[in-house]
Amino acid sequence: MSAVALERPGRAHRSPSRSGRRGRGTLLTHVILSLAVLIVASPLIFALIKATQSSAQVTGPSLLPGLNVLANIRAAWEGAGLGHYMVNSAVVAVCVTVGKTVLSLLAALAFVYFRFPLKGLLFALVLFTLMLPTELLIVSLFDVVSGSLHWGNSYAAIIVPFIASATGVLLFRQHFMNIPASLSDAARIDGAGPLTFLGRILIPMSWNTIGALAVIQFVSAWDQYLWPLVIMQTDSKQVIQVGLSKLIDVEGQSNWGAVMAGAILAILPPVAVFTLLQEQFSKGFALGQDK
């Protein structure tokens, strides 16, 4: 029997069919994923196209890009004052994000490394707040903020009520529970207090989780609409989501090209934050893995 006959002939006959099926499967997967991306991105693509068209084109069926993008951006930026609203939203979003991160770190530190009565029940109550939307609490919140605290029409009214985050407490608690207990024991032996242990050991090991939480909370704070609309009475402290409504003329003819351009401008800061922190955002939710 020759050496050629000792080789496995079946593999040579099966390889073309297997590679063909694998190639067709890969092609089908790419087609399905491309269609899914196109469907998800279609509203953004539509807004981008309409933001470049004139007032006459934007109300028509044309889906071809126009030449009025600069005029529409100028109308949104200067006509409706979106630049001022975006600065207000940036201040609110940054303050809310920093406040939620700090409070979540401290709360998670207490729930993981401290022993106190009813700790499990208190953590369950913190998670229970996830099921209470702002819309459900808006009447009582308005009464407390504008009546008892006299914070109506101020930045404190749209920052302080939102600096507590059950999501952040859950993320940091799960992350801290994956850190070896020997680190806390060693820090205690070296005489490090809880805040020193948090600042020198836990925070450097938690940048991915901090980045993931920062993305979530920044986008959430940036997208506030109902509560600022209710609590703010002057335009000078209003946020971008409410400011976008200034572009829509209910009684007259709206410049929908400028409206679309304003909407595109409004999403740029959250997109920039996500782009800068996308690696931390992806790794921050790997709660069961070492980070």
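About the cut-offs
- Residues numbered from 1 in each chain as written.
- Predicted model: local features only at pLDDT ≥ 70, side-chain atom pairs only at ≥ 80, totals over all residues.
- Heavy atoms only, no water.
- Salt bridge = Lys/Arg side-chain N within 4 Å of Asp/Glu carboxyl O.
- Helix = DSSP H or I, 4+ residues; strand = E, 2+ residues; numbered from the N terminus.
- Buried < 20%, exposed > 50% of the residue type's maximum accessible area, 1.4 Å probe, protein only.
- Patch = residues over 30% accessible without salt bridge, like charges linked within 9 Å, V, L, I, M, F, W, Y side chains within 5 Å.
- Areas by Shrake-Rupley, 256 points an atom, 1.4 Å probe, with all protein chains shown as cover.
- Core = buried A, V, L, I, M, F, W, Y, C linked by side-chain atoms within 4.5 Å.
- Contact = heavy atoms within 4.5 Å.

1. What about the pattern of salt bridges?
Part 1: Within this structure, the stated rule accounts for one salt bridge.
Part 2: For the salt bridge of R188 with D185, the shortest nitrogen-to-oxygen distance reads 3.1 Å. Pair noted here: R188 and D185 are both in helix 9 (residues 181-189), with a separation of three residues, about one helical turn.
Part 3: With relative accessibility at 53%, the residue R188 sits in the exposed group.

2. Considerations on a nonpolar patch on the surface
Part 1: A contiguous nonpolar patch, built from V94, V98, V102, L103, L106 and L195 and spanning about 510 Å² of accessible area, is present on the exposed surface.
Part 2: Per element, the largest residue contribution to the nonpolar patch is five residues, and it comes from helix 4 (residues 82-113).

3. Quick notes on the nonpolar core
Part 1: Within the largest apolar cluster, 29 residues are counted, with the highest numbers of intra-cluster contacts made by L82, I158, W227, I231, I240 and L247.
Part 2: Among the elements of the structure, helix 4, helix 6 (134-148), helix 7 (155-159), helix 11 (207-222), helix 12 (226-231), helix 13 (240-243) and helix 14 (256-276) are those that each provide at least two residues to this core.
Part 3: Among the elements that make up this core, the one with the highest residue count is helix 4 (six residues).
Part 4: In this structure I231 touches F142, V145, S146, G152, N153, A157 and I158, once residues within four positions along its chain are discounted.
Part 5: Core analysis: the second largest hydrophobic core is formed by 14 residues, L105, F176, I179 and A187 among them.

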